[in-house]
Amino acid sequence: MPFHSTRSNELPFMKLFQTLVLLTVLVSILSCGKKPPIEEKPDPLVQLFVINVFNEYYSNSCKFPSLILKKGETYTIDLSLSSKKWFKFSPEGTTPHAYSTNPVSNHSFFIEKEAGTEVLWFTSDSCETSPSYTYDRTPITTSSTMQKYELWNSDLTGIYRTQPQVIKGYYIQLIAGNPNITIRFQ
């Protein structure tokens, strides 16, 4: 009999143990299908691409040129066949022609280059609508190492007028030769 009474004391403990094991297994099985939400991390390559595109646009485009030329200063730039380097003219130090009510600009733009280097200068008349509305400018004098262009008052729009300013953009395209050139606004 003592053997039987010990076994009866163990029985409730075994039932409790079995119940706990069963509950643990059941909870594990039920929670196995439900995973905590995984936080989606952005792809670093996509982030770099987007940053590069925005950086390129906001630091070198028709609306946001990479260079603003001041009158009398000389700038050395590196061109490439595949990209444009946008710039604009600063109104600082400019004045209209004194002998006319509708003044003609008395300012010039110079491109200095190595002999054998070919470049074209382009103007975009409306950066607001599309920088693709461009045309190349014809130099007033040219030599193997320098091109001189006349600037029009429209290149300096908004400097002498009270009407809203039209946003213009300019770039130099390398055709052939040394990509290092010097530009100057006089």
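Scroll up for the structure.
What comes next concerns the included structure. This structure is a prediction, so every number in the text was calculated from the model and none was measured. (Residues numbered from 1 in each chain as written. Predicted model: local features only at pLDDT ≥ 70, side-chain atom pairs only at ≥ 80, totals over all residues. Heavy atoms only, no water.)

1. Observations regarding the environment of I68
The line we're drawing: Secondary structure elements follow DSSP: runs of H or I of four or more residues count as helices, runs of E of two or more count as strands, with numbering from the N terminus. Accessibility here uses a 1.4 Å probe with only protein chains present; expressed as a share of the type maximum, an area under 20% marks a residue as buried, one over 50% as exposed, and anything in between as partly exposed.
Note on placement: I68 falls in strand β1 (residues 67-69). Residue I68 is classed as partly exposed on the basis of its relative accessible area of 43%.

2. Remarks on the sheet that holds strand β4 (residues 107-112)
To keep things clear, this is the line we draw: By the convention used here, strands pair only if DSSP detects at least 2 bridges between them.
Pairing is antiparallel across the open sheet formed by 5 strands, whose spatial order is β2-β10-β4-β8-β7. Since the sheet does not close on itself, it has two edges, and those belong to β2 (74-78) and β7 (141-142), each with one partner. Here 5 bridges tie β2 to strand β10 (residues 180-185), and the two strands are oriented antiparallel to one another. Counterpart to T74 in the pairing with β10 is R184.

3. A short note on a nonpolar patch on the surface
The following threshold applies: Two joining distances apply to patches: 9 Å for like charges and 5 Å for nonpolar side chains (Val, Leu, Ile, Met, Phe, Trp, Tyr), and every residue must have over 30% relative accessible area and no salt bridge. Method for areas: the Shrake-Rupley scheme with a 1.4 Å probe, in which residue coverage is limited to the protein chains shown. Any carboxyl oxygen of Asp or Glu within 4 Å of a side-chain nitrogen of Lys or Arg constitutes a salt bridge here.
Among the surface-exposed residues, L16, L20 and L23 lie close enough to one another that they form a single nonpolar patch of about 290 Å² accessible area. The residue L20 is located in helix α1 (residues 2-32) in this model.

4. Some thoughts on the packing of aromatic side chains
In plain terms, the rule: Note on aromatic pairs: the rings of Phe, Tyr and Trp (six-membered ring only in Trp) are paired at centre separations within 6.5 Å, and the planes decide the class, stacked below 30 degrees, edge-to-face beyond 60, tilted for the rest. Placement of a positive charge over a ring is assigned whenever Lys NZ or Arg CZ falls within 6 Å of the ring centre and within 35 degrees of the normal to the ring plane.
Counted under the stated rule, the structure contains 13 aromatic pairs. A ring pair is formed by F89 and W121, whose centres lie 6.3 Å apart and whose planes are at 90°; its orientation type is edge-to-face. Of this pair, F89 sits in strand β3 (residues 86-89) while W121 sits in strand β5 (residues 118-124); the two residues are 32 residues apart in sequence, bridging distant segments of the chain. Of the residues examined, F89 reaches a relative accessible area of 7% and is grouped as buried. For W121, a relative accessible area of 0% corresponds to the buried category. Ring centres 4.6 Å apart and planes at 40° place the aromatic pair F109 and W121 in the tilted group. One end of the pair, F109, is in strand β4; the other, W121, is in strand β5, and 12 residues separate them in sequence. Both residues of the pair, F109 and W121, belong to the buried class. Grouping aromatic residues by their ring pairs yields a cluster made of F87, F89, F109, W121, Y149, Y170 and F185. Against the face of W152 rests R137, its NZ or CZ located 3.8 Å from the ring centre. One residue, R184, lies across the ring of F110, its end atom 4.2 Å from the ring centre.

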